[in-house]
Amino acid sequence: MGKRALVKYLSDLPKKELEEQLLDLYMRFPVVKEYYDFVFNPKEEKLIQQAKTKISNEYFPVKRKRPKARRSVAQKSIKHFIKLGVEPYLVADVMLYNLEVAQTFESEKNVPDAFYKSMLNSFKEVTHFLVLNGAVEDFKERILKIYQNVQDNRWPYAEDFSRALDILEN
């Protein structure tokens with residue numbers, strides 16, 4: 001069913017049936033429930049704090065011995081926040097937090113080359129996100145600090161990090 005057909009179907013439904021269908025969706029699908037729970041009671045700070053804890057635990061685990069250091073954990077949270085419509089300022093904060101924690105981890109551990117490539121992807125994503133949402137000035141200091149850390153520690157792909165930073169200037 002296309003969007004146009006859905007709009008026509010919904011406009012033909014009586015209000016009572018429409019309410020019943022929405023309630024059914026709410027009860028049946030956790031994603032719909034989560035969306036409406038967020039819309040009517042957006043506890044953004046709590047969600048952000050949970051995501052930051054999860055990210056920290058990826059690199060510096062509390063319950064297990066070895067860190068997993070998976071970028072995908074942060075990416076899932078970030079994509080979820082964007083879908084929910086979380087304030088872009090808060091999403092950018094989580095994106096930068098992920099990079100900052102990863103840099104702390106890298107300074108203490110020997111990491112594979114794939115780690116650096118992954119962090120480069122995260123860096124590119126955050127620079128694009130900041131430009132798209134007009135939040136460059138709010139986070140410029142943090143992004144430059146991350147970039148400086150890359151340069152100081154001679155990370156692989158340093159030139160690519162530099163190119164990713166150039167987008168902030170345009």
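Look above for the structure.
Residues numbered from 1 in each chain as written. Predicted model: local features only at pLDDT ≥ 70, side-chain atom pairs only at ≥ 80, totals over all residues. Heavy atoms only, no water.

Enquirer: Where do I start with empty space enclosed by the protein in this structure?
Expert: Scanning the entire structure with this criterion turns up one cavity of 30 Å³ or more. Approximately 40 Å³ is the volume found for the largest cavity. Surrounding the largest cavity, Gln75, Ile78, Met95, Asn98, Leu99, Ser122, Glu125 and Val126 form its lining. Counting only elements with at least two residues in the lining of the largest cavity, the list comes to α5 (71–84), α6 (88–108) and α7 (113–132). Classifying every residue of the lining of the largest cavity by side-chain character gives four nonpolar, three polar and one charged. (1 Å grid on protein atoms, 1.4 Å probe; cavity = no way out; pocket = protein on both sides within 12 Å on 5 of 7 lines; lining within 4 Å. Points joined across faces, edges and corners; volume = space filled by probe spheres on them. Helix = DSSP H or I, 4+ residues; strand = E, 2+ residues; numbered from the N terminus. Nonpolar A, V, L, I, M, F, W, Y, C, P; charged D, E, K, R; others polar.)

Enquirer: So what exactly am I meant to see when it comes to unusual backbone geometry here?
Expert: Of note, alanine 69 is a non-glycine position whose phi angle comes to about 50°, a positive value. Among the structural elements, alanine 69 can be located in the loop between α4 (44–59) and α5. Even without a glycine there, the phi angle at arginine 154 is positive, about 50°. Within the fold, arginine 154 resides in the loop between α8 (136–152) and α9 (158–166). A relative accessible area of 74% means that arginine 154 is categorised as exposed. (Buried < 20%, exposed > 50% of the residue type's maximum accessible area, 1.4 Å probe, protein only.)

Enquirer: Quick question: what am I supposed to make of the pattern of salt bridges here?
Expert: Oppositely charged side chains can pair when the atoms bearing their charge come close. With the rule as written, the count across this model stands at eleven salt bridges. One salt bridge connects arginine 70 with glutamate 58, and the closest N-O pair in it is separated by 2.8 Å. Taken together, the residues span a long stretch of sequence, with arginine 70 in the loop between α4 and α5 and glutamate 58 in helix α4 at a distance of twelve residues. Residue arginine 70 is classed as partly exposed on the basis of its relative accessible area, which comes to 38%. The structure contains a network of salt bridges with shared partners spanning Lys52, Asp93, Glu100 and Arg142. (Salt bridge = Lys/Arg side-chain N within 4 Å of Asp/Glu carboxyl O.)

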